[in-house]
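For reference, the chains in residue letters:
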Amino acid sequence: MCLLNIVEENDATGVVKATYDEIKGMFGAVPAGLKMWSLLPDGLQHHWEGIKTSFAKDMETQKFETVLRYLVSEAKECEYCLGFNAGMLINNFGMTHDELITMVKDPSTAPLDEKYKALLLFALKVANKPTAVNSTDIDELRALNMSDKAIFELSYMTSYLVMSDALLTAFKVQD
């Protein structure tokens, strides 16, 4: 379901069809959350490239990104993304429902190494309280050997998650 008239698989042409075919190749079907992007074919392609890039990373980075997506979705009340990312955390990374609840209450309990935990807490600040980001935060990330480019990329990815959650929620996207 979606409030907007999205392009369904049988009606897809051009870039949308080509991207849908790739998505089906990976997932077996095109989730509604990706179909929403069909209204902006370039946006669909960009979004899909980001997903493919994320799935190509090492498992620890995938776990970090999934935890981040889950916690951003929780804060932004995106039910669609919460379910998807909870499923990944439970099925792919062995987390329990109780661990998810604890992590929402206190993100510092996320089952990540110290560097990823620091990145997570910074990213959540960017997502939920960007006015609170300060030079000390940046210095702490630099002390973890994060370049300014890497800090900006993390912040961009986090902001993109906030925007995606807002769109999925606003247009009532459901599978």
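Predicted model only: the values in this text are computed from it and were never measured.

(A) Quick look at the packing of helix H4 (residues 59-76) against helix H6 (residues 97-105). Across the interface, H4 lies against H6 with an axial gap of 10 Å and an inter-helix angle of 65°. When the axis of H4 is compared with that of H6, the two are roughly perpendicular. By crossing handedness, the relation of H4 to H6 is classed as right-handed. Across the interface between the two elements, Val-67, Tyr-70, Leu-71 and Glu-74 of H4 pack against Leu-100, Met-103 and Val-104 of H6. Along the lines of polarity and charge, the residues of the contact of H4 with H6 split into six nonpolar, no polar and one charged.

(B) The arrangement of the side chain of Ser-155 in detail. Note that Ser-155 resides in helix H9 (residues 148-170). Of the residues examined, Ser-155 reaches a relative accessible area of 15% and is grouped as buried. The residues touching Ser-155, leaving out its near neighbours within four places in the chain, are Phe-122 and Val-126.

(C) Examining the state of the cysteines more closely. Evaluated as defined, the whole model comprises zero disulfides. Of all cysteine sulfurs, the one in Cys-78 lies closest to Cys-2, which takes part in no disulfide; the gap is 12 Å. Between Cys-81, a cysteine without a disulfide, and Cys-78, which holds the nearest cysteine sulfur, the sulfur-to-sulfur distance is 3.4 Å.

(D) Fine view of the confidence of the model for the protein. Taken residue by residue, the protein gives an average pLDDT of 96. The fraction at 70 or more is 100%. Within the protein, helix H8 (residues 135-143) carries the highest mean pLDDT (98), whereas helix H2 (residues 32-35) carries the lowest (93).

(E) Molecular detail of the packing of helix H7 (residues 114-128) against H9. One can describe the packing of H7 onto H9 by two numbers: an axis separation of 9 Å at closest approach and a directional angle of 50°. Of the possible angle classes, the one that applies to H7 and H9 is oblique. By crossing handedness, the relation of H7 to H9 is classed as right-handed. From H7, Leu-119, Phe-122, Ala-123, Val-126 and Ala-127 reach across to H9, where they touch Ile-151, Leu-154, Ser-155, Thr-158, Ser-159 and Val-162. Considered class by class, the residues forming the contact of H7 with H9 number eight nonpolar, three polar and no charged.

(F) Broad picture of the nonpolar core. Within the largest apolar cluster, 29 residues are counted, with the highest numbers of intra-cluster contacts made by Phe-64, Val-67, Leu-68, Tyr-70, Leu-89, Met-103 and Leu-120. Counting only elements with at least two residues in this core, the list comes to H4, helix H5 (79-93), H6, H7, H8 and H9. A per-element tally of this core places H7 first, with eight residues. For Val-67, the contacting residues outside a window of four places in its chain are Leu-89, Met-103, Ala-110, Leu-112 and Leu-120.

Conventions and cut-offs
- Residues numbered from 1 in each chain as written.
- Predicted model: local features only at pLDDT ≥ 70, side-chain atom pairs only at ≥ 80, totals over all residues.
- Heavy atoms only, no water.
- Axes fitted to C-alpha atoms, helices over the stretch in contact; angles between N-to-C directions.
- Helix = DSSP H or I, 4+ residues; strand = E, 2+ residues; numbered from the N terminus.
- Parallel < 35°, antiparallel > 145°, perpendicular 65-115°, else oblique.
- Left-handed = near helix turned anticlockwise from the far one by under 90°.
- Contact = heavy atoms within 4.5 Å.
- Nonpolar A, V, L, I, M, F, W, Y, C, P; charged D, E, K, R; others polar.
- Buried < 20%, exposed > 50% of the residue type's maximum accessible area, 1.4 Å probe, protein only.
- Disulfide = S-S within 2.5 Å.
- pLDDT = per-residue confidence, 0-100.
- Core = buried A, V, L, I, M, F, W, Y, C linked by side-chain atoms within 4.5 Å.

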